[in-house]
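Inside the fold
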Amino acid sequence: MRSSITNTSTRYGWAMIILHWLIGIIFIGQFVLGFVMMRIESQRTSFELIQLHKSFGFLLLGLIILRIAWRLGNAVPALPPSVGTLERKAAPLAHFALYAFQVALPLSGWALVSVSTLEIPTMPFNQFVMPNLPLTESDAAESFWLATHWYLAYAGIALVALHTAAALRHHFLLRDSVLTRMITPSSARE
């Protein structure tokens, strides 16, 4: 059976599966990296970790935009019959919230570095200088965007934890295909 890059009515294709897991790993890694970089004593190491955090933030933003575009252009597999009415209504809202947080979080980080009075250039993976957003630099703006980024990060990780718990519930308690269809790709014959 040959796997498909696109989704079918019952399963996700390779493109969505790879984007899902890659974004998930980067998103969780960003949370861990953000936590560590703010608590490390070495200024040099902290600076390098901050630059790495910014680099992965821009990568995450690009990947989530690609994922949203892919989802809009592909079929979304139907939920299995074991999924109840309330969950059928909540699932699209939860996915929309995940997408919104995954876009808002890197954008708030970009806003944060754009308004910083330190004026340290952002160079994703040391390849090029990323221009700042056209925002006014000030300590007040930096405080606002720092708090926004922090709250979005914790809310986003809570959403990821809820998403993970729901997937595990489907796999181990309901024993349906919700999790496996995000692991095993659709076939060209589906």
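Quick summary incoming for the structure in this document. Just so we're clear, the structure is a prediction, and the values are computed from it rather than from any experiment.

Thoughts on the overall build of the protein
Tallying secondary structure elements over the protein gives four helices and zero strands in all. Dimensions of the protein, computed from the C-alpha atoms along their principal axes, are close to 55 × 30 × 30 Å. Burial status across the protein gives 37% buried among its 190 residues. For the protein, long-range pairs separated by at least 24 residues make up 74% of all intrachain contacts whose partners lie at least 6 apart in sequence. For the protein, the exposed area adds up to about 11400 Å²; of that, 71% sits on carbon and sulfur atoms. Placing the 13 positive and 9 negative side-chain charges of the protein at their respective mean positions leaves the two points 20 Å apart.

Remarks on a nonpolar patch on the surface
Together, I28, V32, F35, V36, I40, W150, Y151 and Y154 make up an exposed nonpolar region whose accessible area comes to about 750 Å². Listed by contribution, the elements that provide at least two residues to the nonpolar patch are α1 (14-37) and α4 (139-174). Counting residues per element, the nonpolar patch draws most heavily on α1, which supplies four residues. Locating I28 in the fold gives a position in helix α1.

Let's talk about the nonpolar core
With 24 residues, the main nonpolar core has I23 and W110 as its most contacted residues. Secondary structure elements with two or more residues in this core: α1, α2 (43-72), α3 (85-115) and α4. Beyond its immediate chain neighbours, meaning those up to four positions away, I23 contacts L60, L63, I64, R67 and Q102.

Side note on the packing of α1 against α4
Where α1 contacts α4, the axes come no closer than 11 Å and their chain directions differ by 135°. Comparing the axis directions of α1 and α4 gives the class oblique. For the element pair α1 and α4, the recorded crossing hand is left-handed. Of α4, the residues touching α1 (which contributes H20, F27, I28, F31 and F35) are A153, Y154, G156, I157, V160 and H163. A breakdown of the residues in the contact of α1 with α4 according to their chemical character gives eight nonpolar, three polar and no charged.

Cut-off values and rules
- Residues numbered from 1 in each chain as written.
- Predicted model: local features only at pLDDT ≥ 70, side-chain atom pairs only at ≥ 80, totals over all residues.
- Heavy atoms only, no water.
- Helix = DSSP H or I, 4+ residues; strand = E, 2+ residues; numbered from the N terminus.
- Buried < 20%, exposed > 50% of the residue type's maximum accessible area, 1.4 Å probe, protein only.
- Contact = heavy atoms within 4.5 Å.
- Areas by Shrake-Rupley, 256 points an atom, 1.4 Å probe, with all protein chains shown as cover.
- Lys, Arg positive; Asp, Glu negative; His and termini not counted.
- Charge placed at Lys NZ, Arg CZ, Asp CG, Glu CD.
- Patch = residues over 30% accessible without salt bridge, like charges linked within 9 Å, V, L, I, M, F, W, Y side chains within 5 Å.
- Salt bridge = Lys/Arg side-chain N within 4 Å of Asp/Glu carboxyl O.
- Core = buried A, V, L, I, M, F, W, Y, C linked by side-chain atoms within 4.5 Å.
- Axes fitted to C-alpha atoms, helices over the stretch in contact; angles between N-to-C directions.
- Parallel < 35°, antiparallel > 145°, perpendicular 65-115°, else oblique.
- Left-handed = near helix turned anticlockwise from the far one by under 90°.
- Nonpolar A, V, L, I, M, F, W, Y, C, P; charged D, E, K, R; others polar.

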